[in-house]
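Results of the structural survey
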Amino acid sequence: MRSINSAYAGLSGNYLFSEVARRVRAYKEKHPEADVISLGIGDVSQPLVPAVIEALHKAVDEMGRAETFRGYGPEQGYAFLREAILKHDYLSRGVNLDADEIFISDGAKSDVGNFQELFGEDAVIALTDPVYPVYEDSNAMAGRGGVHENGRWSRIVYLPCTKENNFCPALPEERVDVVYLCSPNNPTGTVLDRDALTRWVDYAKKNDSLIMFDAAYESFIRDESIPRSIFEIPGADEVAVEFRSLSKTAGFTGLRCGYAVVPKKLTARAADGTVLHLHDMWLRRQCTKYNGCPYIVQRAAEAAFMEPARTQMKAELGIYQSNADMMLKTCAKLGLEAFGGVHSPYVWLRTPGGTDSWAFFDMLLENAGVVCTPGVGFGASGEGYVRLTAFNTPELTRAALERLEKVIK
Ligand SMILES: *Cc1c(COP(=O)(O)O)cnc(C)c1O
């Protein structure tokens, strides 16, 4: 028999979204006349802004002229984009980094999924529960899961996030090598404040752990006191890697661009005692296995960090934020317990009357023709919740909420 990576055998299938799709399909077959509205989508609906499109066109034209044509680019990204990100995202908020600590990529999912290649095989991984599945699956694929039983991996440390702890994960009792944090959070829509992040940075320093900080939704933060970057916490550049993306913030889900910040101060010890810099390791990894984000996309991304795109994007962000506001208002009016939705496009709704996630999903689909995402699909602690997203259009969001009102009353 061919030798294969047996860890794949323990992976659960892409159960959540395929099961949602299956139930929606069955409903549509039974009710061909029904117009189903989805508050389940995790993709943006607003198009790229005009200034980004203009930059794209210009870069395309450059590629057609010998004097401005670009072939292979630097795997870690062009300096013009790294500088634009440094200035806009970090220096402007008092965070000092070098532009070459920023690695441009085709998205945060790839980076966050690939980065675990740098960890030891025996590294102990901690994740929040519920969780963005990429953190868990990518480590399980690499053999760090152990045995998969009852929806959990035996070697992974799970940190429940529920309303009881205000969706703020408790520090693990044991030492872990790596912890994944996501703020603003997908799926709960909640944020970690400065105190919570400081506790994690202190924990990581004390335990020689690494924080993998996913900030894909930072642009949704409305309160200036909430950190947008882990590097706003003093000393975080010794313990953390940060992942960002233009997907949700600039509508790049189809165009594809993200970036990882890997500080040069971050070191780790190999089994033989050699001290390695994660920055050097990541550069080596990317140069070997990655070809770089396309030039034209990097020019489009550069435009997204400058005016007039900033103003144009603010208007689109405002659409999602006002959708989230509408959702929270309706939940409050109906006496439903809802979390998140202020600094993120996700509302984490407690199902009424102790209904389980899938039963509430079925009820909402059956009686209202509205699709949500069952919370239990993101982890055991998501049971009894569903996720609603603000990514639909204002018209359809409003229509979905009117239907929700009718069935909850
Ligand atoms: C959408 C999302 C990302 C970004 O993904 P891309 O690969 O950049 O499109 C990263 N993390 C979380 C938690 C997300 O929801």
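A brief report on the enclosed structure follows. (Residues numbered from 1 in each chain as written. Predicted model: local features only at pLDDT ≥ 70, side-chain atom pairs only at ≥ 80, totals over all residues. Heavy atoms only, no water.)

**Observations regarding the nonpolar core**
Core analysis: the biggest nonpolar cluster contains 56 residues, and Tyr90, Ile211, Ile230, Leu246, Phe252 and Cys257 have the highest contact counts within it. Other than its neighbours up to four places away in sequence, Tyr90 contacts Ile85, Val95, Leu97, Ile102, Ser229, Phe231, Glu242, Arg244, Tyr259 and Val261. Ranked by size, the runner-up nonpolar core spans 35 residues in total, among them Ile37, Ala324, Met327 and Phe360. (Core = buried A, V, L, I, M, F, W, Y, C linked by side-chain atoms within 4.5 Å. Buried < 20%, exposed > 50% of the residue type's maximum accessible area, 1.4 Å probe, protein only. Contact = heavy atoms within 4.5 Å.)

**Focus: the environment of Tyr217**
In this fold, Tyr217 is placed in the loop between β8 (210-214) and β9 (240-245). For Tyr217, a relative accessible area of 3% corresponds to the buried category. Contact partners of Tyr217, with chain neighbours within four places excluded, come to Pro184, Asn186, Lys248, His343, Pro345, Tyr346 and Phe391. A distance of 2.6 Å separates a polar atom in the side chain of Tyr217 from a polar atom in the side chain of Tyr346. (Helix = DSSP H or I, 4+ residues; strand = E, 2+ residues; numbered from the N terminus. Polar contact = N/O pair within 3.5 Å; in protein donor to acceptor, adjacent residues only side chain to side chain.)

**A look at the sheet that holds strand β17 (residues 385-389)**
Within the open sheet, the four strands sit side by side as β13-β14-β17-β16. Their pairing is antiparallel. The open sheet has two edge strands, β13 (338-340) and β16 (373-374), and neither has a second partner. Sheet analysis places β13 next to strand β14 (residues 346-350), joined by three bridges and oriented antiparallel. Its bridge partner lying in β14, Gly340 is registered against Val347. Lying over the sheet, helix α10 (residues 309-333) contacts β13, β14 and β17, oriented at roughly 15 degrees with respect to β14. (Pairing = 2+ DSSP bridges. Axes fitted to C-alpha atoms, helices over the stretch in contact; angles between N-to-C directions.)

**With respect to the pairing of β9**
Counting buried positions over the six residues of β9 gives six, a clear majority of the element. Of the two faces of β9, the one lined by Ala240, Glu242 and Arg244 and the one lined by Val241, Phe243 and Ser245 are each fully buried. Bridge analysis of β8 against β9 gives four bridges, and the strand direction is parallel. Bridging from a neighbouring strand, Met212 pairs with Val241 of β9. As paired elements, β9 and strand β10 (residues 258-261) share four bridges and run antiparallel to each other. Within β10, the residue paired with Arg244 across the bridge is Tyr259.

**Thoughts on the site of the ligand**
Close contacts around the ligand come from 14 residues, with Asp214, Tyr217, Ser245, Ser247 and Lys248 the closest. Within the side chain of Asn186, one N or O atom sits 2.8 Å away from an oxygen atom of the ligand. Contact distances for the ligand include 2.6 Å between an oxygen atom and a side-chain N or O atom of Ser245. Alone, the ligand offers 390 Å² of accessible surface; in the complex the protein occludes 92% of this. For the shell around the ligand, the elements supplying multiple residues, two or more each, are α4 (108-114) and α7 (247-250). (Near = heavy atom within 4 Å. Areas by Shrake-Rupley, 256 points an atom, 1.4 Å probe, with all protein chains shown as cover.)

**So, the pattern of salt bridges**
Within the structure shown, the criterion is met by 23 salt bridges. For Lys264, the salt bridge identified is with Asp100, shortest N-O distance 2.8 Å. Pair noted here: Lys264 is in the loop between β10 and β11 (267-269) and Asp100 is in the loop between α3 (79-90) and β2 (102-105), with a separation of 164 residues, a long-range link. We classify Lys264 as partly exposed; its relative accessible area is 32%. The exposure class assigned to Asp100 is partly exposed, which follows from its relative accessible area of 34%. A salt bridge links Glu218 to Arg244; the shortest N-O distance between them is 3.5 Å. In this pair, Glu218 is assigned in the loop between β8 and β9 and Arg244 in strand β9, connecting sequence segments 26 residues apart. (Salt bridge = Lys/Arg side-chain N within 4 Å of Asp/Glu carboxyl O.)

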